[in-house]
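Residue-level listing of the chains:
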Amino acid sequence: MAEAKRKQRFFDVEMPILKKETQLYAYNLNELNGRTIKYDLTRFLRGKNVLLDMEVKVEGDKASAYPKEFVILPYFLRRMIRKGTNYVEDSFSADTKDSRVKVKFFLITRKKVSRAVRKALREKAREEIINYLKSKDTRTVFEELIQGKIQKPLSLKLKKIYPLSLCEIRVFKVEKELK
């Protein structure tokens, strides 16, 4: 006996972090569970080229997308670097209240600086970010990253070592959830 054809249709997926809604194409709502969405935040952040990866979770008859990775695209950072400047970057894992995350930050100085100054900037930035993340949960960190509430205070603290022309968290990625 022939099996009836299934028909795909669009399902609404809420993105609470952006206060927006999108639609995904699937046979049924439960099929969306675990699917990832790549959302471009360039217009939302006025030209800062950012991709936000979100994972869809279905609860009952409602689908919501929660952020898993925040990435500033490399060509935006290359555009920011000028001649006669130095950049400082670092990568490390840290713990938030509810998960383990990978953090990569990127700093650009205003002029050329010595290696000692770059090392001091790297160490101070790492220390500040780790201390900041200890008291926050992952969802609020993603919200504050999008709003720039982490980068600005960090830049002001690092300014005491050497003034920066750019202070960004280049990658913020959830490695594993802690229950």
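The rules behind the values
Sequence order as written defines the numbering, with residues in each chain counted from 1. Local features in this predicted model are restricted to residues of pLDDT 70 or higher, and side-chain atom pairs are both shown and tallied only at a pLDDT of 80 or more, whereas totals for entire chains, interfaces and linings draw on every residue. With hydrogens and water stripped out, all remaining heavy atoms of the structure feed into the side-chain values. Where helices and strands are cited, they refer to DSSP runs of H or I of at least four residues and of E of at least two residues respectively, numbered from the N terminus. The rule is simple: take the accessible area with a 1.4 Å probe, protein chains only, and divide by the maximum for that residue type; under 20% is buried, over 50% is exposed, in between is partly exposed. Any two strands are treated as partners once DSSP identifies two or more bridges connecting them. Residues adjacent in sequence count toward polar contacts only when both atoms are side-chain atoms; beyond that, a polar contact is any pair of N or O atoms within 3.5 Å, and within protein one must be able to donate a hydrogen and the other to accept it. Residues count as neighbours in contact if any of their non-hydrogen atoms are within 4.5 Å of one another. Residues belong to one nonpolar core when they are buried, are Ala, Val, Leu, Ile, Met, Phe, Trp, Tyr or Cys, and are joined through side-chain atoms within 4.5 Å. Here the aromatic set is Phe, Tyr and Trp, taking the six-membered ring for Trp, and pairing holds for ring centres within 6.5 Å; pairs whose planes are under 30 degrees apart are stacked, those over 60 apart are edge-to-face, and all others are tilted. By the criterion adopted, a ring carries a charge over it if an Arg CZ or a Lys NZ lies within 6 Å of its centre and within 35 degrees of its normal.

Break down the overall build of the chain for me, citing the residues and quoting the values.
Helix and strand counts for the chain come out as four helices and eight strands. Secondary structure elements of the chain occur, N-terminal to C-terminal, as β-β-β-β-β-α-β-β-α-α-α-β. With respect to the three principal axes, the spread of C-alpha positions in the chain is 75 × 35 × 30 Å. Burial analysis of the chain (179 residues in total) assigns 41% to the buried set.

How would you explain the pairing of strand β4 (residues 50-59) if you had to name every residue and give the values?
By the bridge criterion, five bridges tie strand β3 (residues 36-40) to β4 in an arrangement that is antiparallel. Within β4, the residue paired with Y39 across the bridge is L52. Where β4 and strand β5 (residues 62-72) come together, 10 bridges link them in antiparallel fashion. In the strand pairing of β5, L52 is matched with F70. Taking the residues that link successive antiparallel strands as the turn, the β4-β5 hairpin has two residues, and the phi of G60 there is positive, at about 70°.

Talk me through the side chain of T85; I want residue IDs and the actual numbers.
Tracing the sequence through the fold places T85 in the loop between α1 (74-80) and β6 (87-95). Here R82 takes part through its backbone oxygen, which lies 2.7 Å from a polar atom of the side chain of T85. The residues contacting T85, other than those within four sequence positions of it, are I108, T109, R110, K111 and K112.

Give a description of the nonpolar core that names residues and reports values.
Counting residues in each nonpolar core, the largest one holds 51 residues, and the members touching the most others are L32, L52, F70, L107 and F172. Sequence-distant contacts of L52, that is, excluding residues within four places in its chain, are made with I17, L18, I37, K38, Y39, L41, P67, E69, F70, F142 and I146.

Describe in detail unusual backbone geometry, supporting the description with residues and values.
Backbone geometry at K19 places phi at a positive 55°, although glycine is not the residue there. In this fold, K19 is placed in the loop between β1 (9-15) and β2 (20-26). When its relative accessible area of 73% is taken as the criterion, K19 is described as exposed. At R46, a residue that is not glycine, the phi angle is positive and equals roughly 55°. In this structure, R46 sits in the loop between β3 and β4.

Tell me about helix α3 (residues 138-147), and name the residues and values.
An α-helix turns once per 3.6 residues; consequently, residues spaced three or four apart project the same way. T138, V141, F142, E144, L145 and I146 are the residues of α3 that are buried. Where α3 is buried, its residues touch β4, β5, β7 (99-109), α2 (115-134), α4 (151-158) and β8 (164-177). Backbone geometry just after α3 places G148 at a positive phi near 80°.

Which residues make up the packing of aromatic side chains, and what values do they have?
Note on aromatic pairs: each is described by the distance of the centres and the angle between the planes. Counted by the stated rule, this structure contains four aromatic pairs. Judged by centre distance (4.8 Å) and plane angle (45°), the rings of F10 and Y25 are tilted. In this pair, F10 is assigned in strand β1 and Y25 in strand β2, connecting sequence segments 15 residues apart. Seen from their ring centres, F92 and F105 are 6.2 Å apart, and the 65° between their planes marks the pair as edge-to-face. Residue F92 is found in strand β6, and its partner F105 is found in strand β7; the two are separated by 13 residues along the sequence. With relative accessibility at 5%, the residue F92 sits in the buried group. On the basis of relative accessible area, F105 is assigned to the buried category, the value being 0%. Cation over ring: R6 sits above Y27, and NZ or CZ is 4.1 Å from the ring centre.

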